[in-house]
Amino acid sequence: MPSRREQLLDAAIGVLGNQGSRALTHRAVDAAAAMPFGSTANYYKTREALISAVVERFAERDRAGWETVAAFVRPSNSDELAAALTAYVQRALGPDRAVTVARYGLFLEATLRPDLQETLAGSARELRRWAVRWLEAIGTADPAEDCEAIFDYIDGLILHRLAFTAAAPDGDDGLATAVRRTIRMLCSAG
């Protein structure tokens, strides 16, 4: 059972992902969490403090999600890796769409608040360590560099699919092809 703090921060992530950064107020978080007015302000006196806590919570949730994935997903070739990453992208654009939008909102917030950058970067480094192990297992030439390239590509792909849904008429088939092509290109260089 999530603590009251976690409930508030999860609600804040929902507000950010469903309504945008302008809507992220103490009152909106209270309403989304179905808690009495003033609950969020009791924990986080300012909007800046709330956003800092949201970044921390987001990083916690991201790590927990990837720990689960890393426990079960162990690709042994480029096709399996492409399938795993395609499933990740589909989930990010589908059931986890609001969390994904919140993620990019936090990235933008971090461009204006350097104090948030290390938390987000630290979380990303942890996630990429798991992916480097996958790339080592399938034998890419430079797993660390390849990981950076893959995740930068995946981030861009997700962002474009979120922002330009109508410009992606190829749907899941085109998505799978794009991911598979990138993975194969890197693996063939190995």
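Relevant structure appears above.
Residues numbered from 1 in each chain as written. Predicted model: local features only at pLDDT ≥ 70, side-chain atom pairs only at ≥ 80, totals over all residues. Heavy atoms only, no water.

Focus on the packing of aromatic side chains
A full pass over the atoms with the stated rule returns five aromatic pairs. Relative to Phe107, the ring of Tyr104 has its centre 5.7 Å away and its plane inclined at 85°; by these criteria the two rings are edge-to-face. Pair noted here: Tyr104 and Phe107 are both in helix H6 (residues 97-112), with a separation of three residues, about one helical turn. Each member of the aromatic cluster is reached from another via a ring pair, and the members are Trp66, Tyr88, Trp134 and Phe151. The cationic tip of Arg103 hangs over the ring face of Tyr104; the distance from NZ or CZ to the ring centre is 5.2 Å. (Phe/Tyr/Trp six-rings, centres within 6.5 Å; stacked < 30°, edge-to-face > 60°. Helix = DSSP H or I, 4+ residues; strand = E, 2+ residues; numbered from the N terminus. Lys NZ or Arg CZ within 6 Å of the ring centre and 35° of its normal.)

Side note on the environment of Ala131
Note that Ala131 resides in helix H7 (residues 114-138). Ala131 sits in the buried class, given a relative accessible area of 3%. Between the C-alpha atom of Ala131 and that of Asp79, which follows or precedes it by 52 residues, the distance is 15 Å. Those residues within four positions of Ala131 in sequence are excluded, and the remaining contacts are Cys147 and Phe151. (Buried < 20%, exposed > 50% of the residue type's maximum accessible area, 1.4 Å probe, protein only. Contact = heavy atoms within 4.5 Å.)

What to know about the pattern of salt bridges
Following the criterion strictly, the structure yields 13 salt bridges and no others. A salt bridge links Asp152 to Arg128; the shortest N-O distance between them is 3.6 Å. With Asp152 in helix H8 (residues 143-163) and Arg128 in helix H7, this pair connects stretches of sequence that are 24 residues apart. What makes Asp152 partly exposed here is its relative accessible area of 47%. The exposure class of Arg128 is buried, given its relative accessible area of 12%. In the salt-bridge network here, residues are joined through shared partners; they are Arg5, Glu6, Asp10, Arg57, Glu60 and Arg61. (Salt bridge = Lys/Arg side-chain N within 4 Å of Asp/Glu carboxyl O.)

Brief notes about unusual backbone geometry
Positive phi, normally seen in glycine, also occurs at Ala34, with a value near 55°. By the element assignment, Ala34 lies in the loop between helix H2 (26-32) and helix H3 (39-43).

Considering the nonpolar core
Counting residues in each nonpolar core, the largest one holds 27 residues, and the members touching the most others are Leu81, Leu85, Ile150, Ile154, Ile158, Val179 and Ile183. Listing elements by their share of this core, those giving two or more residues are helix H4 (47-72), helix H5 (78-93), H7, H8 and helix H9 (171-188). Residues within four places of Val179 in sequence aside, it is in contact with Ala82, Leu85, Thr86, Ile154 and Leu157. (Core = buried A, V, L, I, M, F, W, Y, C linked by side-chain atoms within 4.5 Å.)

Comments concerning the environment of Phe37
Mapping Phe37 onto the fold places it in the loop between H2 and H3. With near-sequence residues (within four places) excluded, Phe37 lies in contact with Arg27 and Asp30.

Remarks on the layout of surface pockets
The computed volume of the largest pocket comes to approximately 510 Å³. Along the wall of the largest pocket there are 18 residues; nearest its centre are Asp62, Gly65, Trp66, Tyr88 and Asp96. When residues of the lining of the largest pocket are traced back to their parent elements, those giving at least two are H4, H5 and H6. Here the residues of the lining of the largest pocket are counted per class, giving 11 nonpolar, two polar and five charged. The space that makes up the second largest pocket amounts to roughly 250 Å³. Here the lining of the second largest pocket takes seven residues from H7, the largest share from any one element. (1 Å grid on protein atoms, 1.4 Å probe; cavity = no way out; pocket = protein on both sides within 12 Å on 5 of 7 lines; lining within 4 Å. Points joined across faces, edges and corners; volume = space filled by probe spheres on them. Nonpolar A, V, L, I, M, F, W, Y, C, P; charged D, E, K, R; others polar.)

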